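Coordinate analysis (summary)
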Amino acid sequence: MTERSRYQEGIIKRYYENRDAIMYQKLTELVTELYLSEGKKRASLWTRVEKALRNMKVPEPKIAQILEKDDPAFLARFLERMA
């Protein structure tokens, strides 16, 4: 395995330091896309939402509740409370 440069190590470190903020931003963008999508596209967006919530270490029961609702407005209200 090749070794990383100090610059690359810094990028990786900053990514993990800001991972929650990155996931939060991604989720807010996904809310908008969910409002505008239907069918298979909508299902794939919910899969991405699930992954982002898990990356943010949201409790599994809350993730299940959000996915069960299948409502972008519910997800948006959840994100507002997190901010």
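Look a little higher up for the structure.
Now for a quick tour of the structure.

Analysis parameters
Residues numbered from 1 in each chain as written. Predicted model: local features only at pLDDT ≥ 70, side-chain atom pairs only at ≥ 80, totals over all residues. Heavy atoms only, no water. Salt bridge = Lys/Arg side-chain N within 4 Å of Asp/Glu carboxyl O. Buried < 20%, exposed > 50% of the residue type's maximum accessible area, 1.4 Å probe, protein only. Axes fitted to C-alpha atoms, helices over the stretch in contact; angles between N-to-C directions. Helix = DSSP H or I, 4+ residues; strand = E, 2+ residues; numbered from the N terminus. Parallel < 35°, antiparallel > 145°, perpendicular 65-115°, else oblique. Left-handed = near helix turned anticlockwise from the far one by under 90°. Contact = heavy atoms within 4.5 Å. Nonpolar A, V, L, I, M, F, W, Y, C, P; charged D, E, K, R; others polar. Phe/Tyr/Trp six-rings, centres within 6.5 Å; stacked < 30°, edge-to-face > 60°. Lys NZ or Arg CZ within 6 Å of the ring centre and 35° of its normal.

So, on to the pattern of salt bridges. Between side chains of opposite charge, pairing is possible as soon as their charged atoms come close. Counted by the stated rule, this structure contains 5 salt bridges. In this structure, Arg4 and Glu9 form a salt bridge, with 3.4 Å as the shortest nitrogen-oxygen distance. Accessibility expressed as a relative area gives 37% for Glu9, which makes it partly exposed. Among the charged side chains, a salt-bridge network with shared partners connects Glu50, Arg54 and Glu60.

Interhelical geometry of helix H3 (residues 39–55) versus helix H4 (residues 60–69) gives an angle of 160° and a closest axis separation of 10 Å. It follows from the interaxial angle that H3 and H4 lie roughly antiparallel. The two elements H3 and H4 cross, and the hand of that crossing is right-handed. Of the residues in H4, those in contact with Trp46, Glu50, Leu53 and Arg54 of H3 are Glu60, Ile63, Ile66 and Leu67. Considering only residue class, the contact of H3 with H4 consists of 5 nonpolar, no polar and 3 charged.

A few words on the packing of aromatic side chains. By the definition in use, this model includes 1 aromatic pair. Each ring, one from Tyr15 and one from Tyr16, has its centre 5.0 Å from the other, and the planes form 85°; the classification is edge-to-face. Judged by relative accessible area, Tyr15 falls into the partly exposed class, the value being 33%. Here Lys69 stacks its cationic end above the ring of Phe74, 5.3 Å away from the centre of that ring.

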